[in-house]
Amino acid sequence: MTASSNTTTPNPAPPTHLGWFVGIPTAAVVWWFAYSHLTDWADWVVATLGLRRETHLGEAVHFFAYDAPKVLLLLLGIVFVMGVVQTFFAPERTRALLSGKRLGIGNFLAALLGIVTPFCSCSAVPLFIGFLSAGVPLGVTFSFLISAPMVNEVALALLFGLFGWKVAALYLVTGLSIAIAAGLVIGKLKMERYLQDWVRDIHMGDAALPTGTTLTWNDRFAAGLRHVREIVGKVWPYVLIGIAVGAGIHGYVPEELMAKLLGKDAPWWALPAAVAMGVPMYTNAAGIIPVVEALITKGAALGTTLAFMMSVIALSLPEMLILRNVLKLPLIATFAGVVAMGILFVGYLFNVLLN
């Protein structure tokens, strides 16, 4: 065995405080420059391809060229920030903080924690099981399960970027209200008997706060960067697919058709139908919000369209199939029914307030 075979390549050293101090402001300047020139970029793409925005294809291409970098830039920025924030909310500490909390306070805390845990509906289920195993009340765990996919930082950042702070704030308040109210209802119904037997048999011990080395800011910034790789690395295909669908709707679907089906003067059953159509679909906020934007620009009512989005990310069919391994059918039906009622209420509320 030669000497060279005994040597190992050292891992690259993480950035120092100086590296983060220089790198983060530089990245922020580049981010802001790119974000402030999105219209110029989209116009350049359309002109370079020899298209005109007055045509269906030209308008669709312009929509895609503008929204794709816009959504990805928003994701990069907000996911990095929330990745740093999440270093203060480890799963073990989260379970410990929620265990033993009474209904009401626990539901409120669980719904708030859902904002800083950007899980899709399916990936939130393992943590949902972890909460149950740590002794967190059933209603409280449902508040988290609803809030995590529906009211996370990705959804709020994209709504803010596309529709402004008023829509994002109203969505935040109503989404949290659904998560809290649904968890309270399920908790009051005392439906623990409808957990699958293996879940009920999990030892319900005390959840101790974790101990360990305190993270440095270098560690937290590195965690933010890993968060970007993991989250954006997973969702960017959904983003591009969603924007492509939105571009097709924006460029080719007649405004009169969308206004008739989902507009402010649509029949009363349009909103329940939109919610029902969203359930079989499975995507996340990053993938569905560009579609929502395109529908709204075509005349769809904001409340009806956002109710459709909520059903896609909070009541997806794949989530129900996964939950079937954890919950018995009466509890799944109760969960779906309570959340659907909340979504319908929010949809009608948005349509009335923003009409």
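The present account deals with the structure reproduced in this document.

Thresholds applied
- Every chain is numbered on its own, with residues counted from 1 as its sequence reads.
- Confidence filtering applies because this is a predicted model: local features only for residues at pLDDT of at least 70, side-chain atom pairs given and counted only at 80 or more, and all residues used for totals across whole chains, interfaces and linings.
- In computing side-chain values, all of the structure's heavy atoms are included and hydrogens and water are not.
- The helix and strand labels rest on DSSP assignments: H or I over at least four residues marks a helix, E over at least two residues marks a strand, and numbering proceeds from the N terminus.
- Only protein chains enter the area calculation, which uses a 1.4 Å probe; residues under 20% of their type maximum are buried, those over 50% are exposed, and those in between are partly exposed.
- Per-residue and other accessible areas follow the Shrake-Rupley method at a 1.4 Å probe size, with only the shown protein chains counted as cover for residues.
- Put simply, a nonpolar core is a bunch of buried Ala, Val, Leu, Ile, Met, Phe, Trp, Tyr and Cys residues held in one set by side-chain atoms that sit within 4.5 Å of each other.
- Note on definitions: a residue-residue contact is assigned when non-hydrogen atoms from the two residues lie within 4.5 Å.

### Concerning the overall build of the protein chain
Here comes step 1: Each helix and strand counted, the protein chain has 18 helices and 0 strands in total.
Here comes step 2: By the burial criterion, 47% of the 355 residues in the protein chain qualify as buried.
Here comes step 3: If you sum the accessible surface of the protein chain, you get close to 17600 Å²; carbon and sulfur atoms cover 70% of it.

### Brief notes about the nonpolar core
Here comes step 1: Counting 75 residues, the largest nonpolar core has F142, M150, Y171, I288, M309, L327 and F335 as its most contacted members.
Here comes step 2: The element contributing the most residues to this core is helix α4 (residues 56-86), with 10 residues.
Here comes step 3: For M309, the contacting residues outside a window of four places in its chain are L159, Y171, I288, I289 and V292.

### Describing the side chain of T174
Here comes step 1: Here T174 is to be found in helix α10 (residues 165-188).
Here comes step 2: T174 gets classed as buried once you look at its relative accessible area, which sits at 7%.
Here comes step 3: When near neighbours in sequence (up to four residues on either side) are disregarded, T174 contacts M310, V346, L349 and F350.

### Section: unusual backbone geometry
What is expected of a backbone is that most residues other than glycine have negative phi and most peptide bonds are trans.
Here comes step 1: The phi angle at K190 is positive, at roughly 50°, despite the residue not being glycine.
Here comes step 2: Examined against the element boundaries, K190 turns out to sit in the loop between α10 and α11 (197-200).
Here comes step 3: Classification of K190 as exposed rests on a relative accessible area of 55%.

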